Amino acid sequence: MSAPHVPVLLDAVIDALAIAPGETHVDATFGAGGYTQAMLAQRARVFAFDRDPGAIAAGAAMVAASDGALTLVPATFSALDAELAARDAVPVQGVTMDIGVSSMQLDQAERGFSFQSDGPLDMRMSQEGMSAADFVNEADESQIADVLKAYGEEPRARRVARAIVAARPIMRTSELAHVVRRALGYKPHEKKDPATRTFQAIRIHINRELGELADGLAAAERVLAPGGRLAVVTFHSLEDRMVKRFLRERSGSLPAGSRHLPEVAAKHAPSFESVGRGLRAGEDEIARNPRARSATLRTATRTEAAAWPEHSVTEGAM
Ligand SMILES: C[S@@+](CC[C@H](N)C(=O)[O-])C[C@H]1O[C@@H](n2cnc3c(N)ncnc32)[C@H](O)[C@@H]1O
């Protein structure tokens with residue numbers, strides 16, 4: 001049995017959402033329902049999404065206890081606008097995203113997310129589609145190297161990709177971790193296991209995490225009512241950069257010299273305002289919940305302007 005997921009930056013998220021009773025809010029990443037529970041406590045009507053059928057199944061008790069206030073949606077948040085429209089729930093007053101994997105996913109060895117315990121090389125949040133094993137065993141060497149470089153920021157991506165191809169087939173998380181460590185010359189006392197970057201990269205790739213984030217932000221922009229609040233928590237710099245760039249662009253404050261600014265910002269009125277600075281967890285929270293160490297919360301308020309059609313934040317995603 002895995003440890004329960006401890007929600008990160010929960011108080012800051014709930015403060016930023018400033019929920020009035022009866023408002024409709026979206027929890028785009030239900031997980032163990034930590035944020036959803038806090039939204040329900042503020043008497044919001046909540047539509048909570050998760051692409052992991054396990055998370056949705058585990059949320060049944062929370063739905064039953066919610067007296068009709070909670071609807072779980074087993075879908076990716078890139079489909080947020082279509083799924084809400086199908087339930088006659090647009091517009092909404094808040095959209096919250098807590099990107100990444102949950103403790104339940106990481107802690108269950110059979111889900112294959114972790115190199116710290118041995119399990120099948122899976123890593124699929126939705127439990128369907130291409131698995132990590134499919135990718136490492138079928139992709140060609142240059143494709144693997146590109147993924148490791150782009151999504152793991154692995155400086156020796158080619159070397160690791162060559163070692164992976166030479167060791168195929170690789171079916172277990174422990175085998176992949178061993179291949180990466182051997183390729184990079186890991187010493188057990190080193191602080192950071194070199195397999196971290198490879199596992200992150202493959203997970204991001206097979207779950208299309210950056211594409212999902214870009215699509216999810218654009219979908220949130222379309223469903224939020226004027227005055228509606230967006231709150232996004234990310235766990236690594238690739239995602240945080242994407243959120244920061246999206247909010248800067250949509251609030252008309254991309255730095256001068258940005259090559260998108262003149263033509264894009266000239267055409268569209270800002271769709272977001274009151275963009276907050278990235279907020280990090282304090283030492284107390286980090287002591288209680290080490291996962292909070294790498295979290296950043298960004299918030300903004302939707303204006304009355306139409307949603308922008310452009311999708312420039314996907315740039316750089318493969
Ligand atoms: C960090 S956990 C969320 C934890 C939650 N805030 C809580 O307090 O329990 C992220 C969850 O989002 C889900 N998820 C990740 N990407 C998703 C996507 N694109 N669409 C829907 N769900 C997603 C994962 O399956 C996981 O359950």
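For the structure, see preceding data.
Remember, predicted model here, so these are calculated numbers, not experimental data. (Residues numbered from 1 in each chain as written. Predicted model: local features only at pLDDT ≥ 70, side-chain atom pairs only at ≥ 80, totals over all residues. Heavy atoms only, no water.)

Peer 1: Help me understand the site of the ligand, please; the structure alone is not making it clear to me.
Peer 2: Around the ligand, the surrounding shell holds 23 residues, and the nearest of these are Asp 50, Phe 77, Asp 98, Gln 105 and Glu 212. Within the backbone of Gly 33, a nitrogen or oxygen atom sits 3.2 Å from an oxygen atom of the ligand. Measuring from a nitrogen atom of the ligand, one finds a side-chain N or O atom of Asp 98 at 2.7 Å. If the ligand stood free it would expose 610 Å²; the protein chains cover 99% of that surface. Cavity membership is defined here by more than half of the atoms lying within 2 Å of grid points; on that basis the ligand lies in the second largest pocket. Partitioning the shell around the ligand into residue classes produces nine nonpolar, nine polar and five charged. (Near = heavy atom within 4 Å. Polar contact = N/O pair within 3.5 Å; in protein donor to acceptor, adjacent residues only side chain to side chain. Areas by Shrake-Rupley, 256 points an atom, 1.4 Å probe, with all protein chains shown as cover. 1 Å grid on protein atoms, 1.4 Å probe; cavity = no way out; pocket = protein on both sides within 12 Å on 5 of 7 lines; lining within 4 Å. Sits in = over half its atoms within 2 Å of the grid points. Nonpolar A, V, L, I, M, F, W, Y, C, P; charged D, E, K, R; others polar.)

Peer 1: Would you mind going over the side chain of Ser 66 with me for this structure?
Peer 2: One can find Ser 66 in the loop between helix 4 (60-65) and strand 3 (70-73). What makes Ser 66 buried here is its relative accessible area of 12%. At a separation of 3.1 Å, a polar atom in the side chain of Ser 66 contacts the main-chain amide nitrogen of Leu 70. (Helix = DSSP H or I, 4+ residues; strand = E, 2+ residues; numbered from the N terminus. Buried < 20%, exposed > 50% of the residue type's maximum accessible area, 1.4 Å probe, protein only.)

Peer 1: In this structure, what is going on with helix 11 (residues 195-206)? I would like to understand it.
Peer 2: In an α-helix, one full turn covers 3.6 residues, which means residues spaced three or four apart are oriented alike. Look at helix 11: 17 Å from first C-alpha to last across 12 residues, which is about the 16 Å you get at 1.5 Å a residue. Looking only at helix 11, the buried set comprises Ala 195, Thr 198, Phe 199, Ala 201, Ile 202, Arg 203, Ile 204 and Ile 206. Turning to helix 11, the residues buried within the fold contact helix 7 (132-138), helix 8 (141-152), helix 9 (157-167), helix 10 (173-184), helix 12 (209-223) and helix 13 (237-250). Where helix 11 ends, the next residue or the one after it, Arg 208, has phi of about 50°, a positive value. (Expected span 1.5 Å × (residues − 1). Contact = heavy atoms within 4.5 Å.)

Peer 1: How should the layout of surface pockets be read in this particular structure?
Peer 2: Here the idea is plain: a probe the size of a water molecule rolls over the atoms and shows the empty space left. In this structure, the largest pocket encloses a volume near 950 Å³. As for the largest pocket, its lining consists of 25 residues, and the residues nearest its centre are Leu 106, Thr 196, Gln 200, Arg 203 and Ser 294. Every element with two or more residues in the lining of the largest pocket is listed here: helix 6 (103-107), helix 11 and helix 13. Of the residues forming the lining of the largest pocket, the biggest block, five residues, is contributed by helix 11. Estimated volume of the second largest pocket: approximately 690 Å³. Counting residues per element, the ones that place at least two in the lining of the second largest pocket are helix 2 (34-41), helix 3 (53-58), helix 6 and helix 12. Looking at the lining of the second largest pocket residue by residue, the classes come out as 19 nonpolar, 14 polar and nine charged. (Points joined across faces, edges and corners; volume = space filled by probe spheres on them.)

Peer 1: How should the pairing of strand 5 (residues 224-234) be read in this particular structure?
Peer 2: Two faces make up the sheet, and in a regular strand the side chains alternate between them. The buried count for strand 5 comes to nine of 11 residues, which makes it a mostly enclosed element. In terms of strand pairing, strand 4 (residues 92-98) meets strand 5 through six bridges, oriented parallel. Residue Thr 96 lies in a different strand from strand 5, and its bridge partner there is Ala 231. With six bridges joining them, strand 5 and strand 8 (residues 296-302) adopt antiparallel strand pairing. Looking at the pairing, Ala 231 lines up with Thr 299 of strand 8. (Pairing = 2+ DSSP bridges.)

Peer 1: What is the right way to read the pattern of salt bridges from this model?
Peer 2: Side chains that differ in sign of charge can pair as their charged atoms come close. Taken as a whole, this structure holds 17 salt bridges when the rule is applied. Of the charged contacts in the structure, one is a salt bridge between Arg 181 and Asp 193, with a shortest N-O distance of 2.7 Å. Here the residue Arg 181 occupies a position in helix 10, and Asp 193 occupies one in the loop between helix 10 and helix 11, the gap between them amounting to 12 residues. By relative accessible area, which is 24% here, Arg 181 ends up partly exposed. Between Glu 212 and Arg 208 there is a salt bridge, with its nearest N and O atoms 3.6 Å apart. For Glu 212, a relative accessible area of 7% puts it in the buried group. Overlapping salt bridges bring together Arg 208, Glu 212 and Asp 215 as one network. (Salt bridge = Lys/Arg side-chain N within 4 Å of Asp/Glu carboxyl O.)

Purely geometric numbers; function is a separate question.
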